[in-house]
Amino acid sequence: MSAQTQGDAPLQLSGWRHVYSGKVRDLYEPDLAHYGGVHPLGDVVLVVASDRVSAYDAVLSPGIPDKGTVLTQLSLWWFEQLTDIVGNHVVSTEASAMPGDGLVPDAVAGRAMVCRRLEMFPVECVVRGYLTGSGLVEYRQSRSVCEVPLPEGLVDGSRLPEPIFTPATKAEVGEHDENVSFEVVASTIGLEDATRLRDLTLAVYARAESIARERGIILADTKLEFGVDPATGEIILGDEVLTPDSSRFWAADRWVPGQAQPSFDKQPIRDWLVSAESGWDKDSDTPPPALSDEVVEATRERYLDAYRRLTGAEL
């Protein structure tokens, strides 16, 4: 079970200085004084996946045991499946053996990565192979998603004629990402980079969708983040990739278009929060209640099951 859960402050890690916390991840920079002015692995950061969990734009309590480890280990597994398509930001996941080696501290081993520092693109690269979520809302209004026209007659869970690139602007913690058109992305970062991000996103989805389908899982959609390695100018994958937090995974044998599909993620939390049992109104200003033990365990099992089915291994 992971040591850090939602209620904990970011850990103090020898040789590293905490600089930022998102909904799930904590980011650290090297304490260069600890390394004599230069980190042994170059210009790197330490990315730690906590056990925090969010829903309806709120970070919840308690966290989900082992979630941070699942997110990290599954991302690493997917990075390996994609190396011939696109590089990634991982430099090392090796646990520190001695003070000053700059590797992953023991306190976060298994759920942290030493990564290249990237110049991140200010866009969420979303690809959809199926219609659901915010894409479904847009489709019902305009028969399109991010200005990509779609045929009549699609319903919640419909497979699209072909995967579509539907980018979004990045939002601050507690805010919604905003779906935008490819043209908006091109005007923001330039046509050449926008085209490259679109092509890479679609290529990653094609590979991952095929792998998941072989394992009885539908990859409905996913969100990727890319950045430029300042040392090489190369566009590479950053953040997490193809985890239950960044993707919708559905069991292929339970896929029924026309209704909401059960997913391998925090659906038990969403269902409980909007149930009478929780006593919470998601449209109110009242903070959400603490999660029940049953909901925490059900959610933990969803994450472990996704890892198990995709990788064929136990965590």
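Residues numbered from 1 in each chain as written. Predicted model: local features only at pLDDT ≥ 70, side-chain atom pairs only at ≥ 80, totals over all residues. Heavy atoms only, no water.

You'll find the protein entered in an unreviewed UniProt entry as Phosphoribosylaminoimidazole-succinocarboxamide synthase, with Sanguibacter biliveldensis given as the organism. Within the UniProt record for the protein, the comment given under Pathway (unreviewed entry) is "Purine metabolism; IMP biosynthesis via de novo pathway; 5-amino-1-(5-phospho-D-ribosyl)imidazole-4-carboxamide from 5-amino-1-(5-phospho-D-ribosyl)imidazole-4-carboxylate: step 1/2." Annotation of the protein in UniProt includes, under Catalytic activity (unreviewed entry), the sentence "5-amino-1-(5-phospho-D-ribosyl)imidazole-4-carboxylate + L-aspartate + ATP = (2S)-2-[5-amino-1-(5-phospho-beta-D-ribosyl)imidazole-4-carboxamido]succinate + ADP + phosphate + 2 H(+)". (UniProt positions renumbered as here; feature names shortened; annotations may be inferred.)

J.: Give me the lowdown on the packing of aromatic side chains, citing residues and values where you can.
T.: This structure, assessed with the given rule, holds four aromatic pairs. Between the aromatic rings of Tyr56 and Trp280, the centroid separation amounts to 6.3 Å while the plane-to-plane angle is 50 degrees, which identifies the pairing as tilted. Here Tyr56 is found in the loop between strand 4 (53-55) and strand 5 (58-60), whereas its partner Trp280 is found in the loop between helix 5 (267-273) and helix 6 (293-311), with 224 residues between them in sequence. What makes Trp280 buried here is its relative accessible area of 12%. Ring geometry for Tyr130 against Trp250: centres 5.7 Å apart, planes inclined by 70 degrees, an arrangement best described as edge-to-face. Taken together, the positions of Tyr130 in strand 9 (residues 123-130) and Trp250 in strand 17 (residues 247-251) put the pair 120 residues apart, joining distant regions of the chain. As far as the burial class goes, Tyr130 and Trp250 line up, both buried. Put simply, the rings of Tyr130, Trp250 and Trp255 touch in pairs and so form one group of aromatic residues. (Phe/Tyr/Trp six-rings, centres within 6.5 Å; stacked < 30°, edge-to-face > 60°. Helix = DSSP H or I, 4+ residues; strand = E, 2+ residues; numbered from the N terminus. Buried < 20%, exposed > 50% of the residue type's maximum accessible area, 1.4 Å probe, protein only.)

J.: Which residues make up the sheet that holds strand 1 (residues 16-21), and what values do they have?
T.: Overall, antiparallel pairing links the five strands, which are arranged 1-2-3-7-6 in an open sheet. Bordering the open sheet on either side are strand 1 and strand 6 (90-92), each of which pairs with just one other strand. In this sheet, neighbouring strand axes are inclined to one another by 40 degrees on average, regardless of whether the strands run parallel or antiparallel. Where strand 1 meets strand 2 (residues 25-30), five bridges bridge the pair, whose relative direction is antiparallel. Across the sheet, Ser21 pairs through a bridge with Asp26, a residue of strand 2. Taken strand by strand, helix 1 (residues 67-81) contacts strand 2, strand 3 (44-49), strand 6 and strand 7 (112-116), and its axis lies near 45 degrees from that of strand 7. (Pairing = 2+ DSSP bridges. Axes fitted to C-alpha atoms, helices over the stretch in contact; angles between N-to-C directions. Contact = heavy atoms within 4.5 Å.)

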